[in-house]
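Structure assessment
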Amino acid sequence: QVQLVESGGGLVQPGGSLRLSCAASGSRFSAYYMAWYRQAPGKQRELVANITSGGSTSYADPVKGRFTISRDNAKSTVYLQMNSLKPEDTAVYYCHLQFTDLWGQGTQVTVSS
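Structural notes, computed from the coordinates. (Residues numbered from 1 in each chain as written. Predicted model: local features only at pLDDT ≥ 70, side-chain atom pairs only at ≥ 80, totals over all residues. Heavy atoms only, no water.)

Section: the nonpolar core
Of all hydrophobic cores here, the largest spans 29 residues; its most connected members are Leu4, Met34, Trp36, Val78, Leu80, Met82 and Tyr93. Those elements giving two or more residues to this core turn out to be strand E3 (18-24), strand E4 (34-39), strand E5 (46-51), strand E7 (67-72), strand E8 (77-82), strand E9 (91-97) and strand E11 (107-111). With residues near it in sequence (within four places) discarded, tyrosine 93 still touches Glu6, Leu20, Trp36, Tyr37, Arg38, Val48, Phe67, Leu80, Met82, Gly106, Thr107 and Val109. (Core = buried A, V, L, I, M, F, W, Y, C linked by side-chain atoms within 4.5 Å. Buried < 20%, exposed > 50% of the residue type's maximum accessible area, 1.4 Å probe, protein only. Helix = DSSP H or I, 4+ residues; strand = E, 2+ residues; numbered from the N terminus. Contact = heavy atoms within 4.5 Å.)

If you want it as structure tokens, here you go:
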């Protein structure tokens, strides 16, 4: 059973940066399509970014130009680099193995002065 473990969340001031990590167990990570989602209080979970096994990426409009998703297959880890953070980026961020029901436990990101 694949497990996903996120890390890297925290409190940051507007304009700051954070990098989230999601480590996956299992030996087939390089074949996985991975994604980051987020859920703000009182809102539905939304897709932030995804990355294919070949490294192609796509982003939600609110984060384009500010967030970068990447992967390191040797470390079985997917990353989300978040720059120029805004208060509206405050949410719990979840790592997701696409086309399955596997999710990480979530990591809180709070953007506030």
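Examining the sheet that holds strand E1 (residues 4-7)
If you trace the four strands from one edge of the open sheet to the other, you get E1-E3-E8-E7, paired in antiparallel fashion. Of all the strands in the sheet, just E1 and E7 have a single pairing partner and so form its edges. Geometrically, the sheet is characterised by an average inter-axis angle of 15 degrees between neighbouring strands, direction not taken into account. Direction of pairing for E3 relative to E8: antiparallel, over a ladder of six bridges. Residue pairing in the sheet places alanine 23 in a bridge with threonine 77 of E8. (Pairing = 2+ DSSP bridges. Axes fitted to C-alpha atoms, helices over the stretch in contact; angles between N-to-C directions.)

Notes on the state of the cysteines
Enumeration over the complete set of coordinates arrives at one disulfide. Sulfur-sulfur distance for the disulfide between cysteine 22 and cysteine 95 comes to 2.1 Å. With the S-S dihedral at roughly -80 degrees, the linkage between cysteine 22 and cysteine 95 falls on the left-handed side. Remark: cysteine 95 occurs in strand E9 and cysteine 22 occurs in strand E3; sequence separation between them is 73 residues. We note that cysteine 22, like cysteine 95, is buried. (Disulfide = S-S within 2.5 Å.)

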